Amino acid sequence: MTSYVIEADGGSRGNPGPAGYGAVVKDAADGQVLVETAASIGTQTNNVAEYRGLIAGLTSLLALAGDGAKVEVRMDSKLVVEQMAGRWKVKNEGLRPLALEAAALARRLKVTWRWIPREKNKDADRLANEAMDAAAKGRAWTLSGATATETPGGRASGAGTSGSGAPGGRPSGTGASESRASKSRASKSGASESGVSESREDLLLFDTGDLGNGASDLGDLGDRASDAGDLGAGDLDDPGGDGGGSGTTTRERAARTATSTSPGTGWRPPTSVATSLYLLRHGETPLSVERRFSGLGDPELTPNGIAQAEAAAAKLAGKPYGVQVIVSSPLRRARATAEIVAARAGLEVVVEEGLRETDFGDWEGHTFTEIQRRWPDELAAWLADPSAAPPGGESFGEAARRVQATGDLLVERYEGKTILAVSHVTPIKMLLRFALLAPLGALYRMHLDLSALSLIEYYADGPAVVKAFNDTSHLR
């Protein structure tokens, strides 16, 4: 029986920063390279890029050899290897969906896991660095000499494609892949499993102001919650970036998590201090009054929106909130809301680009009905597939990855503190969904009012816990 080797790597310039991954499938007998694949994936962390490289390698091997193939997976990321081998737990909620995705693919193969030093992972490292360079320049990675090939589903995929990938890390036809043997074929496209079946009437039950709030925030991160579990019995947490695959961990975090007890169950309090993340939607704008899509457009707050922000500020100034850090989307409506709260609390506002609303492109400022009449086909595609974007806009898959990276960064940077993030419907729903490990359909069961407050608590010794949702008591 033919056996294979997968070498995979990923990295980020800045952690998070311009990121990319690379993976190589080789014949184990003679080391012949059978498939190379890579992608630039926008702004991500090292760990996300490493998992995306692993997923791309596993997907490529399954397309090449099918289920049951014997493979040794080699990576210079100690974190990923130990988590996939079941010796370390996956405690970072942002990485969990990717780990579940990779584990599901690995179960279809006969896999052994091996950590290797970076100097022995040169092929994958080279591809990942090429993809990172492309991401830094805002370009898609291209494999030199690659040509388009026909996927099993009948669509062409090849060099020069976008490196965004399907939400949750599946290659989804992104990143170029080149066959090096006649038996090789292109990686499967990994079509979205969005499964959106809600009727248009159901969607219109939601407020279309700001995001659409119902014609709304797709994105396929965490859909494999049915595979939940820590993938292992170890007790080391994700160190939040291992230097691009160096195999090192943060000593302080390892020391702390090594003494952790079992994860919280809901029957007793978690055993460590929480990082509390309050999520506040901005106040009213003219577009939200008229129920129009409001993405990167920059309307100001209405007088009522200012009053809503002041009410939220009064609430957050009292007990038990104790906000220590305020971060905000760069968009004016969110910044103005955050600044009103910050003035009351005596704090500065830190702007985080990743908290901005989705870019709705040509749909900006239109109502759902107007979009339905003018762009019926594009709207149908957008509602059915999180990798589809409005004309000239951003897909929810792309938004999900951006928000996930920002959430990871905030929890890591302000560990143990109480954070207020002032943002929009898409980022807030995404963060709540990640915390709940909820399926895609859960987004259609969430409604966020203007100036509504929600709370997620993150624990080092257990999962994230949603403690409050859509609280508008301060507006009454």
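Above this text is the structure in question.
Just so it is clear, the structure is predicted and the values come from calculations on it, not from any experiment.

Enquirer: Talk me through the packing of helix H8 (residues 303-317) against helix H9 (residues 332-345); I want residue IDs and the actual numbers.
Expert: It is the contact of H8 with H9, at a shortest axis distance of 8 Å, that shows an interaxial angle of 35°. Here the hand of the crossing between H8 and H9 comes out right-handed. Two secondary-structure elements touch here, H8 through Ile306, Ala309, Glu310, Ala313, Ala314, Leu316 and Ala317 and H9 through Thr337, Ile340, Val341 and Arg344. The class makeup of the residues in the contact of H8 with H9 is eight nonpolar, one polar and two charged.

Enquirer: Any chance you could break down the side chain of Thr358 for me, citing the residues and the numbers?
Expert: By the element assignment, Thr358 lies in the loop between strand S11 (349-351) and helix H10 (368-374). Exposure remark for Thr358: the relative accessible area of 0% places this residue in the buried category. A polar contact of 3.5 Å, which involves the side chain of Thr358, links it to the side chain of Glu357. Here the side chain of Thr358 touches Thr426 through a polar contact of 3.4 Å, side chain to side chain. Residues contacting Thr358, with those up to four places away along its chain left out, are Gly295, Leu296, Glu394, Phe396, Ala399, Arg402 and Thr426.

Enquirer: Tell me about the pattern of salt bridges, and please be specific about residues and values.
Expert: Enumeration according to the criterion identifies 22 salt bridges in this entry. The salt bridge involving Lys26 is made with Asp123; its shortest N-O contact spans 2.9 Å. Taken together, the positions of Lys26 in strand S2 (residues 17-27) and Asp123 in helix H4 (residues 122-136) put the pair 97 residues apart, joining distant regions of the chain. Take Lys26: its relative accessible area is 14%, and that puts it in the buried class.

Enquirer: Residue-level account of the pairing of strand S4 (residues 70-75), with values.
Expert: The side-chain alternation of S4 yields one buried face, formed by Val71, Val73 and Met75, and one unburied face, formed by Lys70, Glu72 and Arg74. Pairing of S4 with strand S5 (residues 110-115), which is carried by six bridges, proceeds in the parallel orientation. Bridge pairing in S5 links Val73 to Trp113.

Enquirer: So, helix H3 (residues 96-106): which residues are in play, and what are the values?
Expert: The element H3 is largely enclosed, with a buried count of 10 among its 11 residues. Where H3 is concerned, the buried positions are Arg96, Pro97, Leu98, Ala99, Leu100, Glu101, Ala102, Ala103, Leu105 and Ala106. Structurally, H3 contributes buried residues whose contacts are with helix H1 (46-65), helix H2 (78-84), S5 and helix H12 (396-413).

Enquirer: Report on the environment of Ile116, specifying residues and quantitative values.
Expert: Tracing the backbone shows Ile116 in the loop between S5 and H4. Under the relative-accessibility criterion, Ile116 is labelled buried at 3%. Along the sequence, Ile116 and Arg74 sit 42 residues apart, while their C-alpha atoms lie 6.2 Å from each other. Beyond its immediate stretch of four places on either side in the chain, Ile116 contacts Arg74, Met75, Asp76 and Asn121.

Enquirer: Explain the environment of Glu398 to me, using residue names and the numbers behind them.
Expert: With respect to the secondary-structure elements, Glu398 resides in helix H12. A C-alpha to C-alpha distance of 9.6 Å links Glu398 and Ala388, two positions 10 residues apart in sequence.

Enquirer: Got a sec to walk through unusual backbone geometry? Specific residues and values, please.
Expert: The residue after Asn15, namely Pro16, is reached through a cis peptide bond having omega 5°. Located in the positive-phi region is Asn15, a residue other than glycine, with phi close to 45°. Position of Asn15 relative to the elements: it lies in the loop between strand S1 (3-12) and S2.

Enquirer: Report on the nonpolar core, specifying residues and quantitative values.
Expert: Within the largest apolar cluster, 34 residues are counted, with the highest numbers of intra-cluster contacts made by Leu279, Val327, Trp363, Trp382 and Ile456. For this core, the secondary-structure elements that each account for two or more residues are strand S9 (275-281), strand S10 (325-328), H10, helix H11 (376-384), H12, strand S12 (418-423), helix H13 (425-436) and strand S13 (453-458). Look past the residues within four positions of Trp363 in its chain and what remains in contact with it is Phe293, Ile371, Trp375, Glu378, Leu379, Trp382, Pro390 and Pro391. Within the second largest apolar cluster, 33 residues are counted, among which are Val35, Leu58, Leu95 and Ala103.

The rules behind each value
- Residues numbered from 1 in each chain as written.
- Predicted model: local features only at pLDDT ≥ 70, side-chain atom pairs only at ≥ 80, totals over all residues.
- Heavy atoms only, no water.
- Axes fitted to C-alpha atoms, helices over the stretch in contact; angles between N-to-C directions.
- Helix = DSSP H or I, 4+ residues; strand = E, 2+ residues; numbered from the N terminus.
- Left-handed = near helix turned anticlockwise from the far one by under 90°.
- Contact = heavy atoms within 4.5 Å.
- Nonpolar A, V, L, I, M, F, W, Y, C, P; charged D, E, K, R; others polar.
- Buried < 20%, exposed > 50% of the residue type's maximum accessible area, 1.4 Å probe, protein only.
- Polar contact = N/O pair within 3.5 Å; in protein donor to acceptor, adjacent residues only side chain to side chain.
- Salt bridge = Lys/Arg side-chain N within 4 Å of Asp/Glu carboxyl O.
- Pairing = 2+ DSSP bridges.
- Core = buried A, V, L, I, M, F, W, Y, C linked by side-chain atoms within 4.5 Å.

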